[in-house]
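Residue-level structure breakdown
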Amino acid sequence: MFNQFDLDDELVAGTQNAGFKKPTSIQSLALPEAMAGKDVLASAPTGTGKTAAFVLPCAQHLLDYPRTKPGFPRVLVLAPTRELAGQIFEQAKILTELTNIKIGLITGGVNYGSHKEILTKTTDMLIATPGRLLEYIDNEQFDAREIEILVLDEADRMLDMGFSETINRIAGEARWRKQTLLFSATLAGAGIIRFSKDILNDPVYIESDPSRKEKAKTHQWIHLADDREHKLKLLCALLKQEDVKRAVVFANKRETVQSLAGVLQSEGLSNAWLEGEMPQDKRNNAVARVKDGSVNILIATDIAARGLDIDDVTHVINFDMPRKADIYVHRIGRTGRAGKKGTAVSLVEAHDMLSLGKIERFIDERLSRRVIEGLRPLHKEARVPVKKNKTKGPTKKNAGLSKRQKIAKKAKKAKKAAKKAKKS
């Protein structure tokens, strides 16, 4: 139970209010290190309780060392998207509702006046997106010098979105902090490791291996598609299946999202859609319609691949294959959360085969191929070229030669080399 971590009773009760029965693996690993005041570099799959793993130690710090005078936030949590920031804010409020900790939220997409109270009155913990917060720092409306703990959630995603310089500037403004916590669904790639070295001070590295109960139970497969029209037919057929109770469909471009919304509507498939250029109120409305069951299909760009927390998503469908292998992992993480079963289906055209190969190598799993009767693909699967070891296997020059021809060619080459040596 959570009382093993020396948390105040109010926070332990907060975990019960949040529906937590016992700590997840990432919480069990991160809480003791974070509460000891150490910098933490932590990795864990989505849906395994990362938010509580950093909110709880931050809240305990605020309770252990009460504020002596009004001022700016002492804990700053940065998140890559408005949706994720909002969800962290909501969970932090539940976990701390029995305490006097004051929590604020600052994100883009809303008018500046709505943040006036946070910027002018005392706030203990602030959850924010980097871009909007830096604007307030540059305009001298926010003072980062009082920050004691800096938390970066989904740090690799923030780097992918181009926030590296922004985060470094905010970290520089908060250089008097005592502790930094970096959490992410994956720490793959050299970029995040280099970035962490600039931000963290002698960190404890934590890589959670979730228990079988926590692991996402997601069935994954692909359907080969001949072209866009074929993909649309496959998508509609999949979404009309009875077991699809709540689905998220991913596309790479906002134009595709809007187009799919119209096509599905014409097929009698009511839906909501979400993309980065939408005003915040419309984005909130789209998510709310899915959450309250008004519609059971959400079409989205990758802006929703991180931080979208909708319960009981039964299916994730990749209408477009993601541009990066790790994005595939984040997309399918919208289903199969907290040990529940989920399904992830990808629609793959011929030009997607290289991307598919990268994804399969990244997850170390070959995705099964399935067909829908009446919608079988006409073309056969293109084989992904495999790089051969230079010291093994046939070269391009020898490809297609018989064994006798290869021996003769080798002898001819040796004879030519001997003749050249004799001349010299």
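Structural notes, computed from the coordinates.

Cut-offs used in this document
Residues numbered from 1 in each chain as written. Predicted model: local features only at pLDDT ≥ 70, side-chain atom pairs only at ≥ 80, totals over all residues. Heavy atoms only, no water. Helix = DSSP H or I, 4+ residues; strand = E, 2+ residues; numbered from the N terminus. Buried < 20%, exposed > 50% of the residue type's maximum accessible area, 1.4 Å probe, protein only. Contact = heavy atoms within 4.5 Å. Areas by Shrake-Rupley, 256 points an atom, 1.4 Å probe, with all protein chains shown as cover. Phe/Tyr/Trp six-rings, centres within 6.5 Å; stacked < 30°, edge-to-face > 60°. Lys NZ or Arg CZ within 6 Å of the ring centre and 35° of its normal. Axes fitted to C-alpha atoms, helices over the stretch in contact; angles between N-to-C directions. Parallel < 35°, antiparallel > 145°, perpendicular 65-115°, else oblique. Pairing = 2+ DSSP bridges. Arc of directions from axis to C-beta. Core = buried A, V, L, I, M, F, W, Y, C linked by side-chain atoms within 4.5 Å.

Structural notes on the overall build of the protein
Across its full length, the protein holds 15 helices and 14 strands. A total of 424 residues make up the protein; the buried ones form 49% of that total. Long-range contacts, defined here as pairs at least 24 residues apart, represent 75% of the contacts in the protein between residues at least 6 apart. Entry remark: accessible area of the protein is about 22,300 Å², with carbon and sulfur atoms responsible for 49%.

Remarks on the packing of aromatic side chains
Any pair of aromatic rings gets described here by the distance separating the centres and the angle formed by the planes. Throughout the structure, instances matching the rule amount to four aromatic pairs. The ring of F319 is capped by K231, whose NZ or CZ atom sits 4.3 Å from the centre of that ring.

Notes on the packing of helix 13 (residues 325–332) against helix 14 (residues 353–363)
Following both chains from N to C, one finds helix 13 and helix 14 inclined at 70 degrees, their axes separated by 8 Å at the closest point. When the interaxial angle is binned, helix 13 and helix 14 end up roughly perpendicular. Touching A325, D326, Y328 and V329 of helix 13 are K358, I359, F362 and I363, all from helix 14.

A look at helix 2 (residues 25–35)
Within the span of helix 2, buried status applies to S25, I26, Q27, A30, L31 and A34. On the buried face of helix 2, the contacting elements are strand 1 (40–43), helix 3 (50–64), strand 6 (179–184) and strand 7 (204–207). Count one or two residues on from helix 2 and you reach G37, which has phi positive near 85 degrees.

Points about the sheet that holds strand 10 (residues 272–274)
Taken together, seven strands build an open sheet; the order of strands is 10-11-9-12-13-8-14 and the sheet is parallel. Since the sheet does not close on itself, it has two edges, and those belong to strand 10 and strand 14 (368–369), each with one partner. Relative to strand 12 (residues 315–318), strand 9 (residues 247–250) runs parallel, the two sharing four bridges. Paired with V249 across the strands is I317, a residue of strand 12. The strands touched by helix 11 (residues 254–266) within the sheet are strand 9, strand 10 and strand 11 (297–300), with strand 11 carrying the most contacts at an inclination of about 155 degrees.

Concerning helix 14
If you check which residues of helix 14 are buried, you get M353, L356, G357, I359 and E360. The buried residues of helix 14 occupy an angular sector of 165 degrees when projected down its axis, which confines them to one face. Turned more than 90 degrees off the buried face of helix 14, the exposed positions are L354, K358 and R361. Buried positions along helix 14 lie against strand 8 (217–224), helix 13, strand 13 (341–348) and strand 14. Downstream of helix 14 by a residue or two, D364 has a phi angle that is positive, lying close to 55 degrees.

Structural notes on the sheet that holds strand 4 (residues 125–128)
The seven strands are arranged 3-4-2-5-6-1-7 in an open sheet whose pairing can be described as parallel. Because the sheet does not close on itself, it has two edges, and the strands there are strand 3 (103–106) and strand 7. Strand-to-strand twist across the sheet, computed as the mean angle between neighbouring axes with direction ignored, equals 15 degrees. Relative to strand 6, strand 5 (residues 149–153) runs parallel, the two being bridged by five bridges.

Things to note about the nonpolar core
Core analysis: the largest hydrophobic core is formed by 38 residues, its most contacted members being F54, L56, M125, L181 and F183. Tallying contributions element by element places helix 3 first for this core, with eight residues. M125 has contacts with V55, C58, A59, L62, V75, A92, K102, I103 and G104, leaving out every residue within four places of it along the chain.

Describing unusual backbone geometry
One non-glycine residue, E140, lies in positive phi territory at about 60 degrees. If you trace the backbone, E140 turns up in the loop between helix 6 (130–138) and strand 5. Even without glycine at this site, D202 takes up a positive phi of about 45 degrees. Within the secondary structure layout, D202 lies in the loop between helix 9 (190–199) and strand 7.

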